[in-house]
Amino acid sequence: MKKILFLSLLLVTALIHQAMAQVRTITGKVTDAATSQPLPGVAVIVKGTTVGTTTGVDGAYSINVPQGNNTLVYRFIGYTTVERAIGNANTVDVALSTDTEQLQEVVVTALGVEREKRTVTYATQEVQAQDLNITQNVNIKDALAGKVAGVQINGQAGSKLGEFGKIRIRGAISLTSDKDPLYIVDGVPSDPNQVDMENVESVNVLKGPNATSLYGQRAEAGVVVITTKKGSGNISVEVASSTTWDKVAYLPKYQNQYGGGYDGEASFGTFNYGAGAEGEPYPSEWQVFDGKRYLLWDNNYADESWGPKFDGQEYVPWYAWWPGSEENPNPYFGQTAKYEAQPDNIKNFYDTGVTKKNTISFGGGNDKYNARLSYTNLDQQGITPYTDLKRHYITTNFGFNATEKLRVDANIRYTNSIVRGDQEDGYGNQTSGSFNSWFNRSVDTDKLRELKDLQTPGGYSASWNWWGPDYYTYYGGGFQKPAFWFNPYTFLDRYDQKKTRNNVTGNLTAAYSFNDNWTLSASAARTSTEYLSEFYFPFSLSNSAAPELYNAWSNAFGRTEIAEAENNLSSSLRYENEFGDFDVSAFVGGNLRKDTRDDFYANMSPGAKTGGLIIPDTYIFSNAGITPSPQTYLEDKEVRSIYGSASIGFRDMLYVDASLRQDWSSALPTTKNGYNYPGIGASFIFTELIDGFDALSFGKVRAGWAQVGSDVDALRINPVYSLGAQPWGGSNLLAYVPTLLVDPKIRPATNTSFEAGFDVRFLSNRIGGSFTYYDETREDEIIPVSISTTTGYSYYLTNAGASSRKGVEVAIDGDVFKSDNGFNWNILVNYARNRTSVDELPEGLDAISAPGGSDDWQFVSVIHELGNNWGQLRGIGFATDDNGNRIVNSNGLYVTESNKYFGSVLPDFTGGVLNRFSYKGLSLTAAIDFQKGGKFFSLSEQWGYYSGLFEETASTNDKGNNVRDAVADGGGVHVVGVSPTGEAVDTYVEGQSYYQQFNANSIAEPFIHDASFIKLRDINLSYDLSSLFKDGGLKNNVIKGATIGVVGRNLWLMSVSDDNYHRWDPSELSQTYGENAQLPGTKSYGVNVRLTF
Amino acid sequence: MALGLVLAQGFSACETVDFGDINENRNGASEAYPAGLLAGAIQTFATQTGRQGVLNPTLYVQYQSQVTYTDEMLYAETPASWATYYNRILPNLTTVINIARDEEQRTPELAAQGDPDNQLGVALIFRAMVLKRLTDNWGDAPLSQALLGIENLTPAYDSQEQIYMQLIADLQEGRDLIKTGADAPVGDILYGGDMANWQKLANSLLMQASLQLSEVDAESSIDAVGVFNDALNHEAGVIDEVSEEAWFKYEALTAYQNPFNRNRAADYFLADEFVDALQGDPMGAEGSLNPTSNTTFDARIYAYATDAELEGVPYGYNDETGAGRAKASTYVWSAEASLPAMTAGYTYLNRAEAAQRGWTNEVAADMLVKGIELSFQTWDERTGEDIASGAEAYAVARVADALTAEGGMLQVIAEEKWKALFPQGFDAWAEWRRTGYPELTPAADALNDGAIARRYDYPVEETTLNNANLQGGISGLAPAADKNTSRVWWDVAE
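All figures in this text were calculated on a predicted structure; none of them were measured in a lab.

Right, let's talk about the overall build of chain B for a bit. When its secondary structure is counted, chain B shows 19 helices and six strands. Rg of the C-alpha trace for chain B: 24 Å, near the compact-globule value of 23 Å for 494 residues, within the 12% margin. Across its three principal directions, the C-alpha atoms of chain B cover 95 × 50 × 45 Å. A burial count over chain B gives 56% of its 494 residues as buried.

Looking only at helices and strands, chain A has 13 helices and 56 strands in total. Its C-alpha radius of gyration of 34 Å places chain A within 12% of the 31 Å reference for a compact globule of 1093 residues. Principal axes of the C-alpha set define a box for chain A whose edges measure 120 × 75 × 70 Å. Expressed as a percentage of the 1093 residues in chain A, the buried residues total 46%. Summarising the internal contacts of chain A: among those between residues at least 6 apart in sequence, 68% fall at separations of at least 24.

Contacts between the two partners involve 62 residues from chain A, matched on the other side by 66 residues from chain B. Counting residues per element, the ones that place at least two in the side of chain A that touches chain B are helix 5 (297-301), strand 28 (556-579), strand 29 (582-603), strand 30 (631-650), strand 31 (654-665), strand 34 (722-723) and strand 35 (735-736) of chain A. With six residues, the top contributor of residues to the side of chain A that touches chain B is strand 30 of chain A. In the side of chain A that touches chain B, the residues fall into 27 nonpolar, 27 polar and eight charged.

All names here are of chain A. Taken together, the 20 bridges between strand 27 (residues 518-537) and strand 28 define a ladder with antiparallel strand orientation. When the sheet's bridge partners are listed, E530 is paired in strand 28 with A563. As defined by bridge partners, strand 28 adjoins strand 29 across 22 bridges and the pair is classed as antiparallel. Looking across to strand 29, one finds that S571 is bridged to G590. Where strand 28 folds back on strand 29, the antiparallel hairpin that results is connected by two residues, among which G580 adopts a positive phi of roughly 60°.

Residues and elements named next belong to chain A. The strand order across the open sheet formed by three strands is 52-49-55, and the pairing between neighbours is mixed. Strands with a single pairing partner mark the edges of an open sheet, and in this sheet they are strand 52 (1008-1010) and strand 55 (1074-1075). One ladder, built from two bridges, connects strand 49 (residues 935-938) with strand 55; its direction is parallel. Following the sheet pairing, F937 is matched in strand 55 by G1074. Across the face of the sheet, helix 11 (residues 939-946) comes into contact with strand 49 and strand 55 while running at roughly 40° to strand 49.

Core analysis: the largest hydrophobic core is formed by 286 residues, its most contacted members being F937 of chain A together with I125, L205 and L368 of chain B. By residue number, the principal contributor to this core is helix 6 (residues 116-138) of chain B, which donates eleven residues. Each residue touching F937 of chain A, except ones within four places of it in the same chain, is listed here: D855, F859, V860, L873, A1004, F1007, I1008, Y1073, G1074 and E1075 of chain A. With 46 residues, the next largest nonpolar core counts I184, V205, V224 and Y643 of chain A among its residues.

Backbone torsion omega between F422 of chain B and P423 of chain B reads 0°, so that peptide bond is classified as cis. Within the secondary structure, P423 of chain B is located in the loop between helix 16 (408-421) and helix 17 (425-435). With an omega of -10°, the peptide bond between A478 of chain B and P479 of chain B qualifies as cis. Along the chain, P479 of chain B falls in the segment after helix 19 (467-474). Here Q858 of chain A, not a glycine, exhibits a phi torsion of approximately 55°, which is positive. Tracing the chain through its elements places Q858 of chain A in the loop between strand 43 (847-854) and strand 44 (860-865). C-beta crowding within 10 Å serves as the criterion here: with 12 such atoms nearby, Q858 of chain A is assigned to the exposed category.

All names here are of chain B. One can describe the packing of helix 2 (residues 34-47) onto helix 6 by two numbers: an axis separation of 11 Å at closest approach and a directional angle of 20°. In terms of their interaxial angle, helix 2 and helix 6 are classed as roughly parallel. Handedness of the crossing formed by helix 2 with helix 6: left-handed. In this structure, helix 2 contributes P34, L38, A41, I42 and F45 to the contact, and helix 6 contributes Q119, V122, A123, F126 and V130. Residues that form the contact of helix 2 with helix 6 fall into these classes: nine nonpolar, one polar and no charged.

Moving on, we come to the domain arrangement of chain A. By a frequent convention, interface size equals the accessible area lost on bringing the separate parts together. In terms of domains, chain A is made up of domain 1 (2-96) and domain 2 (239-249 + 284-396 + 418-496). Of note, the centres of domain 1 of chain A and domain 2 of chain A, computed from C-alpha atoms alone, are 69 Å apart.

All names here are of chain B. Residues of chain B with pLDDT of at least 70 account for 97%, and the chain-wide mean is 94. Long-range and interchain partners of residues 1-6, a stretch whose pLDDT sits below 50, account for twelve contacts in this model, where long-range means more than four residues apart. Low pLDDT (under 50) marks residues 8-12, which in the prediction has four contacts with non-local residues, meaning those over four places away or in another chain. Here the complex is predicted with pTM 0.87, and the ipTM for its interfaces comes to 0.92.

Residues and elements named next belong to chain A. Spatially, five strands are ordered 10-15-16-13-14 in an open sheet, and the strand pairing comes out mixed. Every other strand in the sheet has two partners, leaving strand 10 (125-128) and strand 14 (188-189) as the edge strands with one partner each. Sheet topology note: the strand 15 (residues 200-206)/strand 16 (residues 223-228) ladder contains six bridges and is antiparallel. When the bridges of strand 16 are listed, V205 appears paired with V224.

All names here are of chain B. Compared with an ideal rise of 1.5 Å per residue, which puts 20 residues at 28 Å, helix 14 (residues 364-383) spans 28 Å between its outermost C-alpha atoms and is within 8% of the ideal. Taking burial as the measure, the 20 residues of helix 14 include 14 buried ones, the bulk of the element. Taken from the residues just after helix 14, G384 is the one with a positive phi, measuring 75°.

Residues and elements named next belong to chain B. Where helix 13 (residues 344-356) contacts helix 16, the two axes come as close as 10 Å, and the packing angle between them is 165°. The orientation of helix 13 relative to helix 16 falls into the category roughly antiparallel. In this structure, helix 13 crosses over helix 16, and the sense of that crossing is left-handed. Residues G345, Y346, L349, A352, E353 and Q356 of helix 13 touch helix 16, and the partners they reach there are M409, L410, I413, E416, K417, A420 and L421. Residue classes in the contact of helix 13 with helix 16 are distributed as eight nonpolar, two polar and three charged.

Take the confidence of the model for chain A next. Residues and elements named next belong to chain A. Across chain A, the average pLDDT comes to 90, with 96% of residues at or above 70. Of all helices and strands in chain A, the one with the weakest mean pLDDT is helix 1 (residues 2-20) (43), whereas strand 52 scores best (98). In the predicted structure, residues 1-21 sits below a pLDDT of 50 and forms six contacts with residues beyond four places in sequence or in another chain.

So, on to the environment of L924 of chain A. All names here are of chain A. Secondary-structure assignment places L924 in strand 48 (residues 922-932). With 15 C-beta atoms counted inside 10 Å, the residue L924 sits in the partly exposed group. Along the sequence, L924 and E314 sit 610 residues apart, while their C-alpha atoms lie 54 Å from each other. When sequence neighbours within four positions are dropped, the list of residues in contact with L924 reads F917 and L1021.

Moving residue by residue along a regular strand, the side chains alternate between the two faces of the sheet. All names here are of chain A. A two-sided burial pattern is seen for strand 11 (residues 151-154), the buried positions comprising V151 and I153 on one face and Q152 and N154 on the other. Direction of pairing for strand 11 relative to strand 12 (residues 166-169): antiparallel, over a ladder of four bridges. Residue pairing for strand 12: N154 is matched across the bridge by K166.

What counts, and at which threshold
Residue numbers run consecutively from 1 along every chain, following the written order of its sequence. By the order in which they are written, chains take letters starting at A while ligands take numbers starting at 1. pLDDT decides what is reported in this predicted model: residues at 70 or higher carry local features, side-chain atom pairs at 80 or more are listed and counted, and totals for whole chains, interfaces and linings draw on all residues regardless. Elements are defined by DSSP. Helices are runs of H or I of four residues or more, strands are runs of E of two residues or more, and each kind is numbered from the N terminus. Here the globule rule is a power law, 2.2 Å times the number of residues to the power 0.38, and the radius of gyration is based on C-alpha atoms. Exposure classification rests on a simple neighbour count of other C-beta atoms within 10 Å of a residue's own: a residue reaching 20 or more is buried, one at 12 or fewer is exposed, and one in between is partly exposed. C-beta atoms are placed from the backbone. In this description, a residue-residue contact is defined by the distance between C-beta atoms placed from the backbone, which must lie within 7 Å. Gly counts as polar in this scheme, as do all residues outside two lists: the nonpolar Ala, Val, Leu, Ile, Met, Phe, Trp, Tyr, Cys and Pro, and the charged Asp, Glu, Lys and Arg. When DSSP finds two or more bridges between a pair of strands, those strands are recorded as paired. What counts as an axis is a line fitted to C-alpha atoms, over the stretch in contact for a helix, and the angles between N-to-C directions run from 0 to 180 degrees. Here a nonpolar core is just a set of buried residues of the types Ala, Val, Leu, Ile, Met, Phe, Trp, Tyr and Cys, joined wherever their C-beta atoms sit within 7 Å. Should an angle lie under 35 degrees it is considered roughly parallel, over 145 roughly antiparallel, and from 65 to 115 roughly perpendicular; all remaining angles are considered oblique. In a left-handed crossing the near helix is turned counterclockwise from the far helix by less than a right angle, and in a right-handed crossing that turn is clockwise. Throughout the structure description, domain borders are defined by an automatic or database domain assignment. The score called pLDDT rates the predictor's confidence residue by residue, from a low of 0 to a high of 100. To estimate how far a helix should extend, the number of its residues minus one is multiplied by 1.5 Å.

See below:
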């Protein structure tokens, strides 16, 4: 304390001394160069001294300049710092131009602490609104693609409305989790899917423990800190409107030579009306088909394309058999069609998705308050017919300086969204799950669409995939029914599915500044989601189903309600001061978090063979043939935390940080549920010591060490006896022992990270670079270790296993061309390389299951192999001899090898290039991102082979004949290898046998591909018309500014690996292991307009 | 305020904070409820479904043929999971047994769920039925070191002989524990609390299990003949009336349905071998695939088939079609139809075989006739098909067949077991492996080396999680290889 007094005294003395020196007064006004609006709060400093002031609300300033000083420095966050010689002037007006690149900018770090970027001791990379929202994206994750080194997007095809996949930061490290990072919006943990991109000001990605240590147990996957726009300046109104069109653009390559059937040419027969079926005459209206060509027996219901070759001759198509009803007659009844390929039947099936997004926002602020209110309406029509998403966002931000010392902030965000229609995106779904897996290349999409309401005489829904005329005497009229598949248009139109989500997030913060040094703040935050999912499977479809055969559906409905909330109460005490050469800032704080989850659901099973609704389509549970039991799921969790951090800076050049967090979690064993997470770091701005070397304008080295942990989920360590869906016989409860054994001493896993790097800028900050190296280990992984089921249990939850990751991240940005009012070209390049290895597994195991699971047919699983890279694809592959030759059986089919490892799903490196061009008001932004390495599996390809749909199954062999031609006729697939006894094999295998062997023997290897890609993800061309409104022909008092733009998304998948023959977009795989018959990718085009009033 | 609270708490107790019961799991029962565990075990065993759970053995014994998707019929070598046995059925029953055996846990609450001795008895008897199925399917399997959780993460395999010894002892103990006058266990969803029938079931199971050892009796330390006679002559009696039979009951709810119903019926037809045997097409006659010595029309076809006139699908071809062929009756595939666990007919057929083998002094032909008649009778009652009247004539013809059949009386008895056990494939499969009857021909398009599957391959996880002990289990097979053509201990007949 004495020391502080002494220092204060010194400071006062110095100030008095300065005041006594001779001075002159300079006045002036600081404005924004772009808008000419006054800039309040700009620091004006006499260069080389501590004399300074700030501008007022009107941007004006007045400063007393000591004699001998002739330069003023104008410094303001977000703007380029300007130095001005005073000369003889008494008035100096300055216009500052914005500079998002400059290092003086403030970044929001862990727990919302704002810091000058230059002082931060770890890698930090912030993305500003204009770079995030290049194409009016509706989600934050895609928006980050390629813009932050080390961030990989595992996107989801945009066709799945309202779902956006996840991002990975620095690959992955946890052996048991591959989850999305923690998203914090204005200090509140939030659902990133509910964030209105229109309101995002900036995003800062906190990558490793060094940056996230203050989040303790929640930070294992990294943290994405999102800051929303705040109101400032005079009240203004902004209207933004965009429309985007999505077209299906990425489909596999289909064969267009053979149609539906199992038996090649023999699939066709000639209809003999007179013969009838099994002694029963055919209906009289079928007389017209006598002598016509049609698909025999099961070839009619074949949902594969091993049928006859297209010849353009007449045949009876699926729809011609049905006259239709009086109200809905079939114009094609009795007519044959040409038997020919339908090359674009799948592409044409999908609609053009249309997304309309409209936002209006009001904002303003002065030294008393700031406020912003915004409303966004999103209306998205999906590419899958009869699907749409409607969403409303209301976002408010208020700040109020109640007194000079007390500031209150309140933010509330409300989102309501309703998704309608079929969103199934995996194997067996009615669109891609059929088209790429079980379909006929001969199906004409226009007829499917046109005849979606066509009924058979029995009142069933007519389908391309029906049992067929030869089954006329079977199944009691059920021969008219769909065998496996409805007409997809009928299905999608009639199956009503609706998902409603309401999300409210709010926080209230009060901060009281006792003086310049001490600030106490307290906040309460809550985010809550109410989710309701409903489905209604109608009688018109279930009546056409065949529960006793293949296609089981029942008239059913159900609803699921989930209510989730997270509440946080926190407070902190901050201290900031300067002592001579030292800057000190520190804080201590505490947080109380309470999570609750409450599920309630009652669902009839639409796949059940019995128990559907008794009165058709009366969706009341008491009308259910089998009343479903209502189910509940409840959980609560509480975490209490205290934390503190201190940073000491020396002469604006050396900074040392230390932080510590302690978390106590209710989900951990009561014997010990508290753990702490320390972190230390340092940065050294060496350019402060270098003078006269102008080329290097800034240079910093930094290093740090930190830990984070991972909690367990609520209830995880307390398994219970599960109970049967409902009592047996109405009264006998069924109970089952738990199958999870829990280690009573379970403790959190710990990540320990060392990180070091440097940041440099050259040529007056024109070019900059950042390099980071990290080395992180994770120990005490909480693994549900698979154990022999003969123990009575299937998993043992315990701490076992370790992993580590090492990598580098590089970010370079620079102004390639820069001129004051001419052409500008700025480029940002990111690159990150990561390797995660599996260092330790539970004793005795050389592999365990990894997060990511298996495809629906278990061809591949994601597995951690001891000593190898994280997350290997494993499955059945080709057996090979020592020379790598494939071993071939006597029948020419491949010998298989089980449990073969095909490589990690994680890429070797990722990155992006962001180009921004501008010329006067015109600007062009293009975001490219890329990835090298990583593996994925395609289930569609497997079925596409099996069902004869994909191009390879009708390719030309090296003799110039189709592989489907008989081997005896020069057809077949050429197979070269060795026999099991080592003799060379060179033979031809019948096409169908060859392409179906992979399914028969569950061989995954041909469908594993390298996930490398280069992609032009986003492009935006916009024109700022503001000058026209300000000074030009459109000058007026209402509209202050306007921008119009055209955008494109996913326009060009520039390059993929050669073995990715079907060009699956590796950046839009819905599953960790790859592709599970998912919806197709799209290209999007859009226009947007933005007006400021 | 929150800060102060948290800080104070933080520094007073660094290691741990008391959160009260916030982590209490309200999504299930935290204590064992034996009545529910017993019912859960019976229901789980009864509803095991899918190919490995119910269909495969009906293929192996040629009750049914597959069309369109045929891998299982062609003996594709696929590991079979036993997780349902070890994670659901056996732990449930073992928990019931352990609680009932523990004097301290014999509380009024437990007694309210039925007399603890009756709970124990019923759980022991039912567990023995489960263990027989388990070891018959796979061979050696963990038992004495199994189900101990953390105490033994890698249980050793007990030999099949040890497992039979245990299950026989359990059946005897369970039977003797039961007190017919005391309260029945709540949760008995098999017999609805009829304790006398549980004792009869135990005796019928003892006869079935001991007879299963007929070919290894000589080397075994188990006195199979003694066990059989003890059961046959036990004062509680054996199942000898239809009303005493054990049938699994099903309910409309999908999870509780007849396990056949939950499969895709369109892929399954009756095997023509089985149909011809029922229709009595003479073996070797043109178009007849009948693998039995029977030449008499068997009226049970009305209960077993959708149509008594139609042929079945010849077994073992990958390209057969089901058009115009008979399927297993709608009774078998219907959601709520009961399925047999142990019948009077089967018990009499076991008595017939024991008599023929000289294990007892009963008259084999009389027992055979009785067994056939009771089989007709039970299916008559189950399905409402009026077939019982034809039983006597058929039975007489079969007794006569024993005179001409190459394998004599034992052949006819085994063939009749095959017919009587339909559609319960597991027991039929075990009987066929032991007796060699009926004389089944392997699938022509077999995917293995051309022999009918004689066991399930061990679960794939055992290789990675308990391999050393698994190898011990494999060494109990003949040959000692984990293949579906290897034989289990009792499977030694030519």
